[in-house]
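Chain and residue survey
For reference, the chains in residue letters:
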Amino acid sequence: MTASSTTHPLIAADQLPAGTLYRLFSGSIAPRPIAWVSTIDAAGNTNLAPFSFFNIASINPPVLAFSPLRNGEGKTKDTLNNLGQVAECVIHIGGEAMSEALNLTSASLAADEDEFTHAGLNKVAMPPLAVPRVEGAPFAFGCRLRDIISFGDQPLAGSLVLAEVVVVHADEAVWDGRHVDNAVLRAIGRMAGSDYARTDSLFSLERPE
């Protein structure tokens, strides 16, 4: 198969402003799963925030990956700051039923303000970790920090957080020990801007051998 003779001009990535790249990536790399991450700082203040730069990094060992971005002033998120103090987090999968609360926790609160309280959520202990989980979240993966890879200190630079799962909470109404029931979970994905995607319309393709 030969390449078409009529192609659009290529654009060097370093010629695109960070804001343009953000809109390009968030609009085209979608839908993205959402990590709803709780952390604590050294004083015991709790933080809860959603991140849609998120996926699975490894199964054996079980490692999840998410990437908080610095803000427009180059400052890091409370989640990243907390992980530098207490190297634990709980990564939740909320589902559509918890989407309103998840969205509320994306508010820019002061470091000592509690997103659990702001969103009307209850905390549940997640032994052996010190970080609590969200009551009612169908899945919660309690993790210890494995590594953080920083991509710089400029505005919108990311830090790739690799978190190794050490304990799991799974709602029996959603997971039977083998399969996740998406009709109950109603997983959601992040699109661009204020848009989210539902996953109630699926199709299957047989994987070739």
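In what follows, the structure referred to is the one given above.
What counts and how
- Residues numbered from 1 in each chain as written.
- Predicted model: local features only at pLDDT ≥ 70, side-chain atom pairs only at ≥ 80, totals over all residues.
- Heavy atoms only, no water.
- Helix = DSSP H or I, 4+ residues; strand = E, 2+ residues; numbered from the N terminus.
- Rg over C-alpha atoms; globule rule 2.2 N^0.38 Å.
- Buried < 20%, exposed > 50% of the residue type's maximum accessible area, 1.4 Å probe, protein only.
- Areas by Shrake-Rupley, 256 points an atom, 1.4 Å probe, with all protein chains shown as cover.
- Lys, Arg positive; Asp, Glu negative; His and termini not counted.
- Charge placed at Lys NZ, Arg CZ, Asp CG, Glu CD.
- Polar contact = N/O pair within 3.5 Å; in protein donor to acceptor, adjacent residues only side chain to side chain.
- Contact = heavy atoms within 4.5 Å.
- Core = buried A, V, L, I, M, F, W, Y, C linked by side-chain atoms within 4.5 Å.

To continue, consider the overall build of the chain. Each helix and strand counted, the chain has five helices and eleven strands in total. Against the globule reference of 17 Å for 209 residues, the chain gives a C-alpha radius of gyration of 19 Å, in line with a compact fold. Across its three principal directions, the C-alpha atoms of the chain cover 60 × 45 × 35 Å. Put simply, the chain has 209 residues, and 35% of those count as buried. As displayed, the chain has an accessible area near 12,700 Å², and 54% of this comes from carbon and sulfur atoms. Positive and negative charge centroids in the chain, built from 14 and 23 side chains respectively, lie 3 Å apart.

Before going further, it helps to examine the side chain of Ser26. Summarising the element assignment, Ser26 is placed in helix 1 (residues 18-28). Overall, the relative accessible area of 4% leaves Ser26 in the buried class. In this structure the side chain of Ser26 is engaged in a polar contact, spanning 3.5 Å, whose partner is the backbone oxygen of Arg23. The residues contacting Ser26, other than those within four sequence positions of it, are Arg32, Met191 and Ala192.

Ranked by size, the top nonpolar core spans 15 residues in total, and within it Ala35, Val37, Phe54, Phe66, Cys89, Ile91 and Cys143 carry the most contacts. Elements with a minimum of two residues in this core: strand 1 (35-40), strand 2 (46-51), strand 4 (63-66), helix 2 (78-83), strand 5 (88-93) and strand 9 (159-170). At three residues, the largest contribution of residues to this core is made by strand 9. In contact with Phe66, not counting residues within four places along its chain, are Ala35, Val37, Phe51, Phe53, Phe54, Thr79, Leu83, Cys89, Ile91, Ser159, Leu160 and Val161.

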